[in-house]
Amino acid sequence: MQDTAWLWPYHVTQQKTARLWSTQVDLMERYPEHRFACSQAQHFKWLEEQYPPLFKRIQEKVASGQFHLISGAWVENDGNMPSGEALVRQFVYGQRYFKSRFGQRCETAWLPDSFGLTAAYPQLIRDAGMKYFFTQKLSWNNVNVFPHSTFNWVGIDGTQVICHMTPVETYTAQATVGDMNKGITNHKNLESNDTALLVFGNGDGGGGALPKMLENLHRIRAVANTHRELLPVSMGSTVEQFFEDIERVKGRQHSSSVCLATLATLFQPKGRSYVYPKATIDDCWEKVLLNQFHDVLPGSAIGMVYDDAEQLYSEVRKDCQALLEEAFGVLLSGSVSLLGDMPSSQPFNLVAVNTTPFPRRDVIKIPVSVVSQSLIPQPVQMSADGKHAYVLLQAQENEMIARLTVLSADYTPASVYTNGSDHFVLRNQNMQLTISQGRSTGGLVIFEDRPNYWDAWDIEIHHLETPTRLEFSGVHVIAEGPLRASVQTQVKYGKSTIDVTISLDAFNATTKDNSRPLFVFDAEVDWHERHKFLKFELPLAINNTVATYESQFGWVQRPTHKNTTIDAAKFGVCGHKYADLSEYGYGVAFLSESKYGFACEGNILRISLLRAATAPDAEQDQGKHEFSWGVMPHVGSFLESDVPMAAYIFNSPLHLRAVPQATAASPLVLKLPFWLEGSSNVFLETIKRGEDDDFGVNGTTKTVVLRLYEAFGGHGRVELRVARDVPVVNAYTTNLLEDHKSELALAQGANRDFILKLDFRGFEVKTVKLVLAGGKSDSLTAVKCDSWVTVGEDQ
């Protein structure tokens, strides 16, 4: 294994790859039994672009069976932080590359060095066409010994994959006698299989197998033929053959911009040809997937790596913004972003595009200059400094357009009370938060953060014994309601300044499904600490032995107590968009849009905000940061709540658009052309074009791929509805790589919408491919906005 980046940047890895692989090809000539396994399609692509003759030699060695393709992924990614769809794309882009260049896909997933693994992996691995999984990092635990070497890993949905964790406990073994012996003496499942996989060679920085290692194996194998003191060694086989041997013993057990670009290809004005920007989307995805390498995304590389990552993210941001603008130009003709050039002096309508399928009501802050030029109903709520206004936008379920609305009688307004100095209360009818003398019930906390060995990697449990609770200073009101009540606060600590705006919006108690009350914390931090850990904590009047944390395509639960060493070692948990502590009838969730560390100790829920490690990057996290989190109380336990929906919306801001009043009724998709009816626990996660489509103007192959999953952990039955304007001719369920599994029966509803019936088990991910009537002659005319209204009219 060679790190894509760690103590060196990407361009050095490109050189390392060429040196490493040419050396291994040379060793294959001298040692015909030598086999070299390599993951990470990105490395092959770099080699193909920069060293074509060497790449051709690699192709020959793959064909001869000496150079083995493993992992099926773009890079050896982090297994905790990427979204579920990002993990899918790792396999989609990796497997497609291997198939296109070498005529084969990988059968073994390979993540020996990732700092954690999502429980969704077994399902994703199997659905990406692989049967086996190799890892070893779980053995690097200073509290508990992982109890297995060879086992069936059961994911959160029940899918199983055969897994091997090498008993040698490293991916850089030196092929010594000691390594051979450890493969058996440390093997924890000898009752089911008495073989172990030796992963040898100089890894991390590259180098691979050395001649002396191969000579060692020659001698060990020769001695083992006549002496039982040494165990037999088998060379010349593949990783898959090792797992197939295990199978014979154990027996087999089974178990936003993409979206908008897709819609733009379906709904476009007559006379305009929009071509799906597949090449640009692929380029953006490859850059994102590269930056999800397991020593880049978690923050355990040197500073030069993050210079590279920032550059790539900047390019992705620029390209994706251009993609969005082009798609909006089709879907919402004549509109411009409020972040860009405003229309001319003529009045304009203010609208927002909702890319989620969920109903929502959002209070949006806009510059006061926008109010003076737009057709927004007056009066509007103004900020305390008069520079901004607040407006209310609403979208019903499956509506792509959030419309301006007014504060009606069924709303409870938000307000803020202050005695003018050190006492502030944010409240609406359902909840309130009090800041008194610089503190609320919970708040920001600083911990000492000094790991025993690996600075940027480890967090030790003893850091929780060193809290310093911070106090707000300079609290002042910046929005008084009724739409939004906000206070601005500041914390000075060491050399750092932490500015936090705390907001509460008006709440509609009569329609709880699309008006979710929560306190939002928007932070701007100028961070200059070393070995400090900034968190936000909230003590809750809730008693439960477990808390719930979102993971990819589902959630996991972890203990809130320390009854055993295994429980105690789970003092920090990776989570995605939410963490929740609930009991019967009531709960509180933290919502996060960019932070992945959570914890719950007893009844204290925490979210991790910033660290300050000094190795391997001495300037880690130094400088300015902007991030947000939310605190959302809810009626009912977690399983009775809409926390996953609220977290989804929290991570999907509306796209504000200005449409000139003089523009005629604009071509626009008012509602999503794909929606679900039935079980509310099934989510439509992804809308994209098929990977094998013909994307030219006159393309004859046109498909739409939808990815859905069950989000709460129970069975679900839904009808996938497809608008009648989408010319579906066939529908299939597929694997992640979009190979057909089975054909779906197409029915038609009373209003001529297409209907596909789908059943889900808990946390199941399902991919559906819709085959459309293709070719330019079948381009759709966009839905006309007959119900379009000018802002301010009766809505």
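Refer to the structure presented above.
This one's a predicted model, so the numbers in the text were calculated from it and none came from an experiment. (Residues numbered from 1 in each chain as written. Predicted model: local features only at pLDDT ≥ 70, side-chain atom pairs only at ≥ 80, totals over all residues. Heavy atoms only, no water.)

Chemist: How do you make sense of the sheet that holds strand E34 (residues 674-678) when you look at a structure like this?
Modeler: Strand pairing in a sheet relies on backbone hydrogen bonds. The paired strands run either parallel or antiparallel. With antiparallel pairing, 4 strands are arranged side by side in an open sheet as E34-E37-E41-E40. The sheet is open, and its two edges are formed by E34 and strand E40 (747-748), each paired on a single side. In this sheet, strand E41 (residues 754-760) lies alongside E40 in antiparallel orientation, the contact comprising 2 bridges. Directly across from Ala747, in E41, lies its bridge partner Ile755. (Pairing = 2+ DSSP bridges. Helix = DSSP H or I, 4+ residues; strand = E, 2+ residues; numbered from the N terminus.)

Chemist: Where do I start with unusual backbone geometry in this structure?
Modeler: For residues that are not glycine, phi is negative in most cases, and the peptide bond is trans in most cases. Geometrically, the link from Gly481 to Pro482 is a cis peptide bond, its omega value of 10° lying close to zero. Looking at the secondary structure, you find Pro482 in the loop between strand E19 (473-480) and strand E20 (484-493). Here the residue pair Ala615 and Pro616 is connected by a cis peptide bond, since its omega of 5° sits within 30 degrees of zero. The topology assignment puts Pro616 in the loop between strand E31 (604-610) and strand E32 (623-635). A positive phi angle, close to 90°, is found at Ser71, a residue other than glycine. Note that Ser71 resides in the loop between strand E2 (67-69) and helix H4 (84-102). With relative accessibility at 2%, the residue Ser71 sits in the buried group. Positive phi is not limited to glycine here, since Asp621 has a value of about 65°. Positionally, Asp621 belongs in the loop between E31 and E32. (Buried < 20%, exposed > 50% of the residue type's maximum accessible area, 1.4 Å probe, protein only.)

Chemist: Would you take a moment to explain the environment of Glu685 for this structure?
Modeler: Here Glu685 lies in strand E35 (residues 682-689). Judged by relative accessible area, Glu685 falls into the partly exposed class, the value being 22%. C-alpha of Glu685 to C-alpha of Leu708: the two residues are 23 residues apart in sequence and 5.3 Å apart in space. In this structure Glu685 touches Glu85, Phe553, Tyr648, Arg707, Leu708 and Tyr709, once residues within four positions along its chain are discounted. Side-chain polar atoms of Glu685 contact the side chain of Tyr648, separated by 3.3 Å. (Contact = heavy atoms within 4.5 Å. Polar contact = N/O pair within 3.5 Å; in protein donor to acceptor, adjacent residues only side chain to side chain.)

Chemist: Would you mind going over the environment of Leu772 with me for this structure?
Modeler: Note that Leu772 resides in strand E42 (residues 765-772). Spatially, the C-alpha atoms of Leu772 and Gln552 are 30 Å apart, while their sequence positions differ by 220 residues.

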